[in-house]
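Now for the letters of each chain:
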Protein chains: 2
Amino acid sequence: MARTTTDLLAATAELVAIPSVSKHEHLIADHVQAALRRQSWLETVRVGDNVVARTALGRPSRLVLAGHLDTVPPKDNEVPKIEGETLWGLGSADMKGGLAVMVDLAASVPEPRCDLTFVFYVAEEISRAYSGLLALSETRPDLLEATAAIVCEPTNGTVEAGCQGVLKVEIAMAGDRAHVARPWAGRNALHRLAPVLTAVADWPGRSVEIDGCRYRESLQAVALTAGVASNVLPDKAVMELNYRFAPDQDEIAAAARLRALFDPLLTDGDVFRVTDSAPSARPALDHPLLGALVKAADGSLSGKLGWTDVAFFAERGVPAANFGPGDPELAHTADEKVTRSSLERARVVLGRLVGE
Amino acid sequence: MARTTTDLLAATAELVAIPSVSKHEHLIADHVQAALRRQSWLETVRVGDNVVARTALGRPSRLVLAGHLDTVPPKDNEVPKIEGETLWGLGSADMKGGLAVMVDLAASVPEPRCDLTFVFYVAEEISRAYSGLLALSETRPDLLEATAAIVCEPTNGTVEAGCQGVLKVEIAMAGDRAHVARPWAGRNALHRLAPVLTAVADWPGRSVEIDGCRYRESLQAVALTAGVASNVLPDKAVMELNYRFAPDQDEIAAAARLRALFDPLLTDGDVFRVTDSAPSARPALDHPLLGALVKAADGSLSGKLGWTDVAFFAERGVPAANFGPGDPELAHTADEKVTRSSLERARVVLGRLVGE
C-alpha cells in the first residue's frame, strides 16, 4: 500500500492561514485549484469559487469526495498555531483538515479503484441559498454525477451515516395589551408562552436506531422575543425552535409531530409556522462503496446528528456518508483544533477505500 | 353653593387640541398659564414648562391639586371629537379632563376654605428623570409645600387612596453555547428560564386591604430576549418583570419577596437585579382634608392599583390621594374618552371640598 509522505498537519495549517469566511473563498479556491492542476490525471474545473477535480478512467463506479471551503467568522483564532502534533485555528476541524486530506488523496492516487470527483465548494456555513453545491447542481449538474458520495466533514475518523433533518419553527402567541397595574384588562402573550416553552424544555427526547446507527433527536428553543414597554402586557411573544429529527421521519412527519405537541396549548390567533427545513438522510450502508468505507474505517460507525450535505446528495439519489478528520464537537468553537493522528487516520482510511 | 357655568367638555377638547406629548408641553403650558394669570387672587409662577398657581389667604392648611400636562404619543387620536356628551381624543381621560377641572376650580373659587396650590407639571408619562415634579422639588420646593395633596389622575370620580409601588426586575439566566445538534455539550439558557417564566405566569397574586382600601398586586413578565443564532443554544436569556406591590410593603420588602420566589430557580451565573423602583403610598384617609375628600365624593373609595405621583407627595410627608374625572382603564388606549358627567362630577366634588 502506497502511503502519503505529505505533512498533513502543515498542509492544514497552510489552509487555515488563508482566510475563507463564507463569501470570501476566492484565495483558498486559488490555492486548492493550483494544487490540483499539477496532477495530469485530473480534469479540474472552476465554477465561481467552487473547484471540481475528476479522474476519467472509465471505472464502473464514481465516488464524490466533498468539502466546503468556507469557515464561520473568526473568534480570535484566525492565526494557525501548531504545538507538538496539534494544530489550533479557525476551520482546523471544520473542515480544512478534511480539505487537506482530500487534496492529498487527489494528488497521490492516479489510478483509484473507482473514478473520483473531488468537490471543493463555497458557502456551507451560511444561508442555504448561497451554497456552492446548489450553484453547481444548477449550472453543472454533470460535475456532481456519482455512484456514492463522502462528505469529509469532521467525524473523528468514524463513519457517520446519513444525517438528521432540520425543522425551524416559529410559534407566536397572541395577547392583548393592557397596563401592568390592570392585567385583567388584557392577556399577557408572554405568560401564555410559559407552557409552550416548558413543553420544549421538558421534551423527553427521541432516539431511533436505523441500520445499527443511533440517531438522537434534539428540540431546542433558540430565540424568544417579546416586549412592548416596561408597563404594558405584551400582545405578542415569538419563539423560534430548531428541531433535529432522525431519518425515520421526513420533513412533513417531523412538522406533524411538533404540531401535535403544541396544538393543545395554542388557540385562535396563535401561530405555528415552519420557517425553514432540510431533509434527513437515511444511512445507505447497503451501498457497496459506503459498506466498503465502513470496513476501511475498521467498522467504526454511528449516526450523524447534525445536518450535512449528505442530505444534498441523498436527495439527488446519491447515497452518501460523512467521514473526515477532526472532532465535530469543536466545530465553530474558539478552541477548534485538529491532530496529526486524526488527519493521517482519515487519509489512510480513504486511501484504503480507493485502492491505494 | 356656587356652580361653574364653564362647558367642561369644550374646555377639555380645547386642551386635547393642543399637542403635548412628553417633552413638548410648551404650548399647553402657555394656554394654562394664560387662563390662570387672569385671576387676581392667584400668584402664578412658571418654572420651565411647569406652571404653579397659588392662593395666599393665610389659611391654616394648604391643599395641592396636581396634574401632568403631557400625554403619551398619539394613536391616530390626536384630533378631539365630541359626539353628544362624550369627548374622544388623546389625553381626554389621562388627564386633560382633570386639567380642565383644575383650571376651572382655580378660576372660580377666589376664597377657598384652605389655601390652594395648583401644580401643572411636565413629563409624567416618560422616564422619571424628566418629571416636572422632581424639577420643582429641586429648584422651588417652596412651591410644593402643603398639608395634603390631590393628584387629579383619572379615577372615575372615586377617591383612589394611596398607590401601589413599582419594582422593575431583570432576571438573566446563564447558559453555555453549543450546536443544536449536540445540546448536551451546552446549556440552553432559554430552557432554564422556562420554570422562571412559569413561576411568574402561575403567580397566585396577592391582595391586601388597608384602611378599607383593597390593593390587588400584579406581577407581569413584560419583555424577554434570547437568541444567538438559529442553530446555537442561547447562552443568555433575559426577562424583565414589572411588579406592582401594595402599600403594606416598601421597595425593599417587595424586592425580597420576588427574590425569595425565584431564588430556588437561580444558580451561580444567573442574575436577579432590580433595575428601577418607585415607592408605594399608604392611604392617608385619617388626614382631615383627605377624609373630607372621601366625604365630598359620597364615600366612593378604593385603593389605587397603578403608580401615581401620590407617592411623590407621600415620600415628602404630604399625605395624598388620587381623584379625577375619566376612566383610568382607558388611559393610553386609542379609544380614550371622557364624558361631561364625569367632568362635572369631579368639579362638583372638588368644589364641595374647598368650600365653594
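The numbers attached to residues start from 1 for each chain and follow its sequence in the written order. Ligands are numbered from 1 and chains lettered from A, in the order in which they are written. For this predicted model, a pLDDT threshold of at least 70 governs which residues receive local features, and a threshold of 80 or more governs which side-chain atom pairs are given and counted, while totals over whole chains, interfaces and linings are taken from all residues. Water and hydrogen atoms play no part in the side-chain values, which are based on all heavy atoms of the structure.

### Considerations on the sheet that holds strand E13 (residues 236-245) of chain B
Backbone-to-backbone hydrogen bonds join strands into a sheet, with any given pair of strands oriented parallel or antiparallel.
Argument step 1. If DSSP finds at least two bridges between two strands, the strands pair. Put simply, DSSP H or I for four residues or longer makes a helix, DSSP E for two residues or longer makes a strand, and each gets a number counted from the N terminus. What the 8 strands build is an open sheet, ordered E14(A)-E9(A)-E13(A)-E12(A)-E12(B)-E13(B)-E9(B)-E14(B); its pairing is antiparallel. Sheet topology places strand E14 (271-278) of chain A together with strand E14 (271-278) of chain B at the edges, where each strand pairs with a single neighbour. The average undirected angle you get between the axes of adjacent strands in this sheet is 25°.
Argument step 2. Bridging between strand E9 (residues 165-174) of chain B and E13 of chain B involves 10 bridges; their strand directions are antiparallel. Bridge pairing links Val 166 of chain B to Arg 244 of chain B in E13 of chain B.
Argument step 3. Helix-sheet contacts for helix H6 (residues 251-262) of chain A involve strand E9 (165-174), strand E12 (218-227), strand E13 (236-245) and E14 of chain A, and the interaxial angle to E14 of chain A is about 155°.
Argument step 4. The strands that helix H6 (residues 251-262) of chain B touches are E9, strand E12 (218-227), E13 and E14 of chain B; relative to E14 of chain B, the one it contacts most, it runs at about 155°. Helix axes are fitted to C-alpha atoms over the stretch in contact, other axes to C-alpha atoms as well, and angles between N-to-C directions run from 0 to 180 degrees. Residue contacts are defined here by distance: any two heavy atoms, one from each residue, within 4.5 Å place the two residues in contact.

### Focus: the sheet that holds strand E4 (residues 81-83) of chain B
Residues and elements named next belong to chain B.
Argument step 1. Strand order in the open sheet formed by 3 strands is E4-E5-E17, with antiparallel pairing between adjacent strands. The open sheet has two edge strands with one neighbour each: E4 and strand E17 (337-339). If you compare each strand with its neighbour and ignore which way they point, the axes differ by 20° on average.
Argument step 2. As paired elements, strand E5 (residues 86-88) and E17 share 3 bridges and run antiparallel to each other. When the sheet's bridge partners are listed, Trp 88 is paired in E17 with Lys 337.

### A look at the confidence of the model for chain A
Argument step 1. In this model, chain A carries an average pLDDT of 95, and 99% of its residues clear a pLDDT of 70 or more.
Argument step 2. Across the whole predicted complex the pTM is 0.84, and at the interface the ipTM reaches 0.83. Per-residue confidence from the predictor is reported as pLDDT, a score between 0 and 100.

### Overview of the packing of aromatic side chains
Argument step 1. Any Phe, Tyr or Trp ring, taking Trp's six-membered ring, that has another such ring centre within 6.5 Å forms a pair; planes under 30 degrees apart are called stacked, those over 60 apart edge-to-face, and the others tilted. This model, assessed by the stated rule, comprises 6 aromatic pairs over all chains.
Argument step 2. Note on Phe 312 of chain A and Phe 313 of chain A: the rings are 5.2 Å apart at their centroids and 90° apart in plane angle, and the pair reads as edge-to-face. This pair shows no difference in class: Phe 312 of chain A is buried, exactly as Phe 313 of chain A is.
Argument step 3. For the ring pair Tyr 243 of chain B and Phe 245 of chain B, a centre distance of 5.9 Å and an interplane angle of 45° mean the geometry is tilted.
Argument step 4. Type-normalised accessible area, obtained with a 1.4 Å probe on protein chains alone, sets the label of each residue: buried when under 20%, exposed when over 50%, and partly exposed for intermediate values. On the accessibility criterion, Tyr 243 of chain B (0% relative accessible area) is buried.
Argument step 5. A connected cluster of aromatic rings, assembled from ring pairs, spans Trp 203, Tyr 243 and Phe 245 of chain A.
Argument step 6. A ring is considered to have a charge above it if a Lys NZ or an Arg CZ atom is located within 6 Å of its centre and within 35 degrees of its normal. Sitting over the face of the ring of Trp 184 of chain B, Arg 216 of chain A holds its NZ or CZ atom 3.9 Å from the ring centroid.
Argument step 7. Positioned over the ring face of Tyr 130 of chain B is Lys 23 of chain B, at 3.9 Å from the centre of the ring.

### Points about the interface of chain A and chain B
Argument step 1. Listed per partner, the contact involves 41 residues of chain A and 41 residues of chain B.
Argument step 2. Any Lys or Arg side-chain nitrogen located within 4 Å of an Asp or Glu carboxyl oxygen qualifies as a salt bridge. Applying the counting criterion to the chain A and chain B interface returns 0 salt bridges.
Argument step 3. In the analysis that follows, any N or O atom pair within 3.5 Å is treated as a polar contact, provided that within protein one partner can donate a hydrogen and the other can accept it, and provided that, for residues neighboring in sequence, both atoms belong to side chains. The interface formed by chain A and chain B includes 17 residue pairs in polar contact (both at pLDDT 80 or more).
Argument step 4. Elements that contribute at least two residues to the side of chain A that touches chain B include exactly helix H5 (189-201), E12 and E13 of chain A.
Argument step 5. For the side of chain A that touches chain B, the leading source of residues is E12 of chain A, giving 10 residues.
Argument step 6. Within the side of chain A that touches chain B, the residues separate by chemical class into 24 nonpolar, 12 polar and 5 charged. When residues are grouped by polarity, Ala, Val, Leu, Ile, Met, Phe, Trp, Tyr, Cys and Pro land in nonpolar, Asp, Glu, Lys and Arg in charged, and all others, Gly among them, in polar.

### So, the relation of the copies chain A and chain B
Copy one and copy two of the chain differ by a rotation about an axis and a translation along that axis.
Argument step 1. For the match of chain A to chain B, the screw axis carries a shift of 0.0 Å, the RMSD comes to 0.1 Å, and the turn is 180°. What the rotation and shift describe, once combined, is the action of a two-fold rotation axis. Measuring from the rotation axis to each C-alpha of chain A, the shortest distance belongs to Thr 225 of chain A, at 2.6 Å.
Argument step 2. When the interface residues of chain A are mapped onto chain B, 100% of them again fall at the interface, so both copies present the same face. Alignment of copies: least-squares fit on C-alpha atoms of residues with pLDDT of at least 70 in both copies.

### Details of the packing of H5 of chain A against helix H5 (residues 189-201) of chain B
Argument step 1. Running from N to C, H5 of chain A and H5 of chain B point in directions that differ by 140°, and their axes come no closer than 8 Å. One way to sum up the angle between H5 of chain A and H5 of chain B is to call them oblique. Taken as a pair, H5 of chain A and H5 of chain B cross one another with a handedness that is left-handed. Contact with H5 of chain A, carried on its side by Leu 190, His 191, Leu 193, Ala 194, Leu 197, Thr 198, Val 200 and Ala 201 of chain A, involves Leu 190, His 191, Leu 193, Ala 194, Leu 197, Thr 198, Val 200 and Ala 201 of chain B of H5 of chain B and no other residues of that element. Orientation categories follow fixed angle ranges, with anything under 35 degrees roughly parallel, anything over 145 roughly antiparallel, 65 to 115 roughly perpendicular, and all other angles oblique. Handedness of a crossing is defined here by the sense of rotation of the near helix relative to the far one, left-handed for an anticlockwise turn of less than a right angle and right-handed for a clockwise turn.

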